[in-house]
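# Coordinate analysis (summary)
Here are the chains, one letter per residue:
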Amino acid sequence: DAKTTQPPSMDCAEGRAANLPCNHSTISGNEYVYWYRQIHSQGPQYIIHGLKNNETNEMASLIITEDRKSSTLILPHATLRDTAVYYCIVRPSDDYKLSFGAGTTVTVRA
Amino acid sequence: EPEVTQTPSHQVTQMGQEVILRCVPISNHLYFYWYRQILGQKVEFLVSFYNNEISEKSEIFDDQFSVERPDGSNFTLKIRSTKLEDSAMYFCASREGLNSGNTIYFGEGSWLTVV
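The structure contained in this document is the topic of the report that follows. (Residues numbered from 1 in each chain as written. Chains lettered and ligands numbered in written order. Predicted model: local features only at pLDDT ≥ 70, side-chain atom pairs only at ≥ 80, totals over all residues. Heavy atoms only, no water.)

### Observations regarding the overall build of chain B
Counting its regular elements, chain B contains zero helices and 11 strands. Taking 115 residues into account, the globule formula puts the C-alpha radius of gyration at 13 Å, and chain B, at 13 Å, falls close to it. The dimensions of chain B, computed from C-alpha atoms along their principal axes, are 45 × 25 × 25 Å. Across the 115 residues of chain B, 45% fall into the buried class. Across chain B, every contact between residues at least 6 apart in sequence was considered, and the portion connecting residues at least 24 apart equals 53%. When the accessible surface of chain B is summed, it comes to about 6,000 Å², and 45% of that surface belongs to carbon and sulfur atoms. (Helix = DSSP H or I, 4+ residues; strand = E, 2+ residues; numbered from the N terminus. Rg over C-alpha atoms; globule rule 2.2 N^0.38 Å. Buried < 20%, exposed > 50% of the residue type's maximum accessible area, 1.4 Å probe, protein only. Contact = heavy atoms within 4.5 Å. Areas by Shrake-Rupley, 256 points an atom, 1.4 Å probe, with all protein chains shown as cover.)

Right, dumping it as C-alpha cells:
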C-alpha cells in the first residue's frame, strides 16, 4: 500500500541541480516526509525530512507544497557519488516503521 | 559521525544452519530495528525492539527469527534454521527516541547467502 509515487528513474548532469519529485496526495496532517537514498546495496542513508516547512541541510533541500500533497528533493550540485536509489517515505508521527517503495534510480552522468 | 555497525558483512551458510547477525547501534540510541532486502526487491521491515522487548514485528518475522540485546552494546538477529529464501541483505537500524531524535539510521548491512 504505497503512500508515495516516484518516477522510476531519472538522469542528471554532474554539477547541475537534481530535482526529485514525490507525490503523496493522501498524506495526513501528522505524517512526515522522509527521504533516504541507497547507494548500490549499501544501507539506506538518511537525507532529510520535513512536516510542513521547507527544509535544508548540508546534503539537500526539501520543498513541500502548501497542500502537502507533493514534495521535491533537491540535490543542489549533483556529483557522480550521488548516483543511487532515492526513496520518498511518508511516516506517521507515532509509527516509526519505514515503508520503502521502489524509489527513483538517479544516475548522475559526467 | 556515530554510525551503526554490522558484522559480518557477508556470510554464507548451509540450509538448516543457525545464523547470528550482529549489530552495534549508535551508542545513545534506545530503539533498534532489523530490515531486510532480498536481491532486486524492496527494503522490508522485520522487527523493532525497545526496552529489551519486541515492540512490533512483521509477518516475515516468524518463529525462526529472534532478536536479542545480550549486553549494553550489541543487538543480534538470529535465524534458527535458515532456508534458501532467507538469502538477503539484512540491515540493522537505530534511533535515539528522545525529543527530536526520531530519525532512523541504518548500518551497511550483512549479506546472507544460504546454499
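### Points about the packing of aromatic side chains
Within the structure shown, the criterion is met by 17 aromatic pairs over all chains. Ring centres 5.9 Å apart and planes at 80° place the aromatic pair Phe-100 of chain A and Phe-106 of chain B in the edge-to-face group. Residue Phe-100 of chain A is found in the loop between strand 8 (84-92) and strand 9 (104-109), and its partner Phe-106 of chain B is found in strand 10 (residues 105-106); the two belong to separate chains. No difference in accessibility class separates Phe-100 of chain A from Phe-106 of chain B, as the two residues are buried. Three or more aromatic residues joined by ring pairs form one cluster here, namely Tyr-32, Tyr-34, Tyr-36, Tyr-46, Tyr-87 and Phe-100 of chain A together with Tyr-35, Phe-45, Tyr-105 and Phe-106 of chain B. Lying over the aromatic face of Tyr-96 of chain A, Arg-95 of chain B brings its terminal NZ or CZ to 3.3 Å of the ring centre. (Phe/Tyr/Trp six-rings, centres within 6.5 Å; stacked < 30°, edge-to-face > 60°. Lys NZ or Arg CZ within 6 Å of the ring centre and 35° of its normal.)

### Considering the interface of chain B and chain A
If you look at the interface, chain B gives 17 residues, while chain A gives 18 residues. Of the roughly 1,500 Å² buried between chain B and chain A, counting both surfaces, carbon and sulfur atoms make up 56%. Interface area lost by chain B to chain A is led by Val-43, Thr-103 and Phe-106 of chain B, which between them contribute 28%. Counting the contacts that link chain B with chain A gives four residue pairs in polar contact (both at pLDDT 80 or more). Every element with two or more residues in the side of chain B that touches chain A is listed here: strand 4 (31-37), strand 5 (43-50), strand 9 (88-95) and strand 10 of chain B. Residue classes in the side of chain B that touches chain A are distributed as nine nonpolar, four polar and four charged. (Buried area = accessible area lost by both parts, 1.4 Å probe. Polar contact = N/O pair within 3.5 Å; in protein donor to acceptor, adjacent residues only side chain to side chain. Nonpolar A, V, L, I, M, F, W, Y, C, P; charged D, E, K, R; others polar.)

### Regarding the state of the cysteines
Residues and elements named next belong to chain A. One pass over the structure, following the stated rule, counts two disulfides over all chains. The disulfide bridge from Cys-22 ends at Cys-88, spanning 2.1 Å between sulfur atoms. In this structure the cystine formed by Cys-22 and Cys-88 twists about its S-S bond by roughly -85°; its chirality is therefore left-handed. Taken together, the residues Cys-22 in strand 2 (residues 18-23) and Cys-88 in strand 8 connect sequence positions 66 residues apart. (Disulfide = S-S within 2.5 Å.)

### What to know about the sheet that holds strand 3 (residues 19-24) of chain B
All names here are of chain B. Reading across from one edge, 1-3-8-7 is the order of the four strands in this open sheet, with antiparallel pairing throughout. Every other strand in the sheet has two partners, leaving strand 1 (5-7) and strand 7 (65-68) as the edge strands with one partner each. Mean inter-strand twist for the sheet, computed between neighbouring axes without regard to direction, equals 20°. The pairing of strand 3 with strand 8 (residues 75-79) spans five bridges and is classified as antiparallel. Residue pairing for strand 8: Arg-22 is matched across the bridge by Thr-76. (Pairing = 2+ DSSP bridges. Axes fitted to C-alpha atoms, helices over the stretch in contact; angles between N-to-C directions.)

### A short note on the pattern of salt bridges
The tally for this structure, following the rule as stated, stands at six salt bridges over all chains. A salt bridge links Arg-37 of chain A to Asp-82 of chain A, with the shortest nitrogen-to-oxygen separation between them at 2.8 Å. One end of the pair, Arg-37 of chain A, is in strand 3 (residues 31-38); the other, Asp-82 of chain A, is in the loop between strand 7 (70-75) and strand 8, with 45 residues separating them in the sequence. By relative accessible area, which is 9% here, Arg-37 of chain A ends up buried. By relative accessible area, Asp-82 of chain A is classed as buried at 13%. Measuring nitrogen to oxygen at the nearest pair gives 3.1 Å for the salt bridge that ties Lys-97 of chain A to Asp-95 of chain A. By relative accessible area, Lys-97 of chain A is classed as partly exposed at 25%. Within the structure, one salt-bridge network assembled from shared partners comprises Asp-95 and Lys-97 of chain A together with Glu-56 of chain B. (Salt bridge = Lys/Arg side-chain N within 4 Å of Asp/Glu carboxyl O.)

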